[in-house]
Amino acid sequence: MAETVAHVVGARPNFMKAAPVIRALEARGIAQTVIHTGQHYDAAMSDVFFRDLGLPEPDLNLGVGSGSQASQTAALMIALERAFGDLRPALAVVYGDINSTLAASLVASKIGLPMAHVEAGLRSFDDTMPEETNRRVTDLLSDLLFVTSPEGVDNLRAVGVPAARIHLVGNPMIDTLLANLSRFDPDRMRAELGLASGPYAVATLHRPANVDTPEAASRLVAMIDGVTELVPLVLPLHPRGRPTLEAAGLSASDRLRVIEPLGYVDFISLVRGAALVVTDSGGIQEETTILGVPCLTVRPNTERPITISHGTNRLVEPDAVVPLAREVLERGIRRPAEGPPLWDGRAGDRIAGIVEAWLRERTGGPAVPAATGAGTGGA
Ligand code: UD1
């Protein structure tokens, strides 16, 4: 039987990371299956991304859905154990830091299924974030660790991950961004949303620490109102935050457009034309860095410090967003001459080369060199 690679994806940010890896493995003729856990299930949170990115329909959709941290993770594990048992892949590939990633890595480890982690080594060092647990555990259980930026290599070495497992390959989410650049049309979005000419800002807010309690939601609504006084603001709202933010007084107006979550091409089109982005997302910190759009991240920390040192990102408390936004709108943001190393659109190909070599070695064939020689990190 052909050695199959099984990708496990579950929520919005996974899809942009998986697309270039799937494409590059396909180009090498490697058999693949795509397992969608169903962690995100709304059309606007999932289906539209498959369409936008030209991803194949998932071979399996586990339909796990929402739940508390433990009940969602447990349901994911039960469903994934069955899926891995049926499919018997040679390698599972997991992405990012969501609960589907953690569940897949726990199951894979327990049944002796080798695993690759794409976007390994990121650390916020903030254990109150569910994602930090997911990152730590997934990295310790993975056989192949694909790292997006150099500090990720250091983080992995610091917890004893063997150097031979660590591969600094660049950022597949940026592969997707660069491959689709010609499709990102801010003017189309401006027309669709009826935005007047002149600067506008975009906000996305969904982290539990920002939206799950009434107090945090009130602070955010005050922040949103303050930014809206400076500049018209578009807020594509994740379903997680809607109830608390509305209860805290969020209300749409001519200057504050509260809209449903957008698909990938529409969202990045909107961001590309923005004078400012205010967010608590992980991936948007990276995408704004490459697009050169100023990004204020409403969090006390980031697992992506390279977007500050090599990009347009700043961390900011909710109460400090308005003065900083004013400054950014007046003066822009200093963008370092050099972007993050290896964020060049070829991460997927590097990953596929390393996976191909790993598969050959496993089946006793001659090992092939990594696709680009981009460097295995931890050496
Ligand atoms: C998850 C990830 C987070 C990522 C985010 C991107 C974890 C721990 N968190 O957070 O890292 O940044 O996805 O969006 O895995 N909901 C819907 N429809 C959907 C999906 C969710 O209505 O299609 C609502 C449900 O009320 C659900 C809530 O959103 O309870 C949260 O969904 P969940 O998947 O648990 O986490 P996210 O907050 O989306």
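What counts and how
Residues numbered from 1 in each chain as written. Predicted model: local features only at pLDDT ≥ 70, side-chain atom pairs only at ≥ 80, totals over all residues. Heavy atoms only, no water. Near = heavy atom within 4 Å. Polar contact = N/O pair within 3.5 Å; in protein donor to acceptor, adjacent residues only side chain to side chain. 1 Å grid on protein atoms, 1.4 Å probe; cavity = no way out; pocket = protein on both sides within 12 Å on 5 of 7 lines; lining within 4 Å. Sits in = over half its atoms within 2 Å of the grid points. Nonpolar A, V, L, I, M, F, W, Y, C, P; charged D, E, K, R; others polar. Phe/Tyr/Trp six-rings, centres within 6.5 Å; stacked < 30°, edge-to-face > 60°. Helix = DSSP H or I, 4+ residues; strand = E, 2+ residues; numbered from the N terminus. Buried < 20%, exposed > 50% of the residue type's maximum accessible area, 1.4 Å probe, protein only. Pairing = 2+ DSSP bridges. Axes fitted to C-alpha atoms, helices over the stretch in contact; angles between N-to-C directions. Contact = heavy atoms within 4.5 Å. Core = buried A, V, L, I, M, F, W, Y, C linked by side-chain atoms within 4.5 Å. Points joined across faces, edges and corners; volume = space filled by probe spheres on them.

(A) Broad picture of the site of the ligand. What surrounds the ligand is a group of 18 residues, the closest being Gln39, His40, Asn99, Glu131 and His238. Interatomic distance of 2.9 Å between a side-chain N/O atom of Arg240 and an oxygen atom of the ligand. One can see that the ligand is located within the largest pocket. Across the shell around the ligand, the residue classes break down as five nonpolar, seven polar and six charged.

(B) Just the packing of aromatic side chains, in detail. Across all of its chains, the model carries three aromatic pairs by this definition. Between the aromatic rings of Phe184 and Tyr264, the centroid separation amounts to 5.7 Å while the plane-to-plane angle is 75 degrees, which identifies the pairing as edge-to-face. Linking Phe184 in the loop between helix 7 (172-179) and helix 8 (186-193) with Tyr264 in helix 12 (residues 264-272), this pair joins segments that are 80 residues apart in sequence. Each member of the pair, Phe184 as well as Tyr264, is classed as buried. One aromatic cluster in this structure is built from Phe15, Phe49 and Phe50.

(C) Up close: the sheet that holds strand 9 (residues 233-236). Across the sheet, six strands lie side by side as 10-9-8-11-12-13; this open sheet has parallel pairing. A strand with exactly one partner marks an edge of an open sheet, and here the two such strands are strand 10 (256-259) and strand 13 (313-315). The mean angle between the axes of side-by-side strands here comes to 20 degrees, regardless of whether they run parallel or antiparallel. As defined by bridge partners, strand 11 (residues 276-279) adjoins strand 12 (residues 295-297) across three bridges and the pair is classed as parallel. Residue pairing for strand 12: Val278 is matched across the bridge by Leu296. Seen against the sheet, helix 10 (residues 214-230) touches strand 9, strand 10 and strand 11 and runs at an angle of roughly 145 degrees to strand 9.

(D) The arrangement of the nonpolar core in detail. Counting residues in hydrophobic clusters, the biggest one holds 57 residues, and the most contacted among them are Leu53, Leu144, Phe146, Val202, Tyr264, Leu270 and Val355. A per-element tally of this core places helix 1 (residues 12-27) first, with eight residues. Residues within four places of Leu53 in sequence aside, it is in contact with Phe15, Met16, Ala19, Arg23, Thr176, Asn180 and Tyr264. By size, the runner-up hydrophobic cluster in this structure holds 26 residues, among which are Leu220, Ile224, Val231 and Leu235.

(E) Structural detail: the layout of surface pockets. Its boundaries defined by the atoms lining it, the largest pocket holds a volume of some 960 Å³. What lines the largest pocket is a set of 48 residues, and nearest its centre among them are Arg12, Pro13, His40, His206 and His238. Of all the elements in the fold, those that place two or more residues in the lining of the largest pocket are helix 1, helix 3 (69-87), helix 5 (130-141), helix 12 and helix 13 (283-291). By residue class, the composition of the lining of the largest pocket is 20 nonpolar, 16 polar and twelve charged. Volume-wise, the second largest pocket comes out at about 330 Å³. As for the second largest pocket, its lining consists of 19 residues, and the residues nearest its centre are Ala209, Asn210, Val298, Arg299 and Pro300.

So yeah, pure geometry; function would need other evidence.
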